[in-house]
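Residue-level structural notes
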Amino acid sequence: MGDLDPVTFSVFFFEGLCVVGALLLIYNRFRPLPGWTKALNAVWWSIIVAGLITAGVLAYATIVFNEGWEAVMVYAAMLAFLPLFLASVIALFFKPRRAIPPRS
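Below is a summary of the structure that appears in this document. All of these numbers come straight from a predicted model, not from anything done at the bench.

1. Some points on the packing of aromatic side chains
Per the stated rule, a full pass over the model turns up three aromatic pairs. Taken together, a centroid distance of 6.1 Å and an interplanar angle of 15° make the contact between F9 and F13 stacked. Of the two residues, F9 and F13 both sit in helix α1 (residues 6-30), four residues apart, roughly one turn of that helix. Ring centres of F12 and F81 lie 5.9 Å apart, and the angle between their planes is 15°; on these two criteria the pair is classed as stacked. On the criterion of sequence distance, the pair formed by F12 in helix α1 and F81 in the loop between α3 (68-80) and α4 (82-93) is long-range, its members being 69 residues apart. Cation over ring: K95 sits above W44, and NZ or CZ is 4.3 Å from the ring centre.

2. Section: helix α2 (residues 37-64)
With 28 residues, α2 extends 41 Å from end C-alpha to end C-alpha; this agrees with the ideal 40 Å at 1.5 Å per step. Those residues of α2 not exposed but buried are T37, L40, W44, I47, I48, A50, G51, T54, L58 and A61.

3. Concerning the environment of M78
Along the chain, M78 turns up in helix α3. Given a relative accessible area of 28%, M78 falls into the partly exposed group. With sequence-adjacent residues up to four places away left out, M78 is seen in contact with L58, T62 and F85.

4. Structural notes on the side chain of N28
Within the fold, N28 resides in helix α1. Overall, the relative accessible area of 1% leaves N28 in the buried class. Not counting chain neighbours up to four residues away, the residues in contact with N28 comprise L33, L40, P96 and R97.

5. Some thoughts on the side chain of E15
Position of E15 among the secondary structure elements: in helix α1. Put simply, E15 is tucked away with no salt bridge, and the nearest opposite charge, on R29, sits 22 Å away. In this structure the side chain of E15 is engaged in a polar contact, spanning 3.5 Å, whose partner is the backbone nitrogen of L84. Contact partners of E15, with chain neighbours within four places excluded, come to A80, F81, L82, P83 and L84.

Conventions used here
Residues numbered from 1 in each chain as written. Predicted model: local features only at pLDDT ≥ 70, side-chain atom pairs only at ≥ 80, totals over all residues. Heavy atoms only, no water. Phe/Tyr/Trp six-rings, centres within 6.5 Å; stacked < 30°, edge-to-face > 60°. Helix = DSSP H or I, 4+ residues; strand = E, 2+ residues; numbered from the N terminus. Lys NZ or Arg CZ within 6 Å of the ring centre and 35° of its normal. Expected span 1.5 Å × (residues − 1). Buried < 20%, exposed > 50% of the residue type's maximum accessible area, 1.4 Å probe, protein only. Contact = heavy atoms within 4.5 Å. Lys, Arg positive; Asp, Glu negative; His and termini not counted. Salt bridge = Lys/Arg side-chain N within 4 Å of Asp/Glu carboxyl O. Polar contact = N/O pair within 3.5 Å; in protein donor to acceptor, adjacent residues only side chain to side chain.

Next comes the structure, spelled out in structure tokens:
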């Protein structure tokens, strides 16, 4: 295994955090955590923004690099960032909400 440079490591670490955040959003949908609403809103926004930026960059790269090995590398990048895309789609459907207090 080769060594990852710090930028690549940071990008993939952030991608992993987005996937964990999406799993927390799903968990919060079925068992609301009232104390986590602010933090989950920040996670939600960061996942959406990261997904949009990545989609934009890869769409641009697909248009610009469309021949030979460049296209293969763009497709490899799309596969590498697939978990971030899936986390963004999940975040769109599972926006955090506050817990509904029980009736007395």
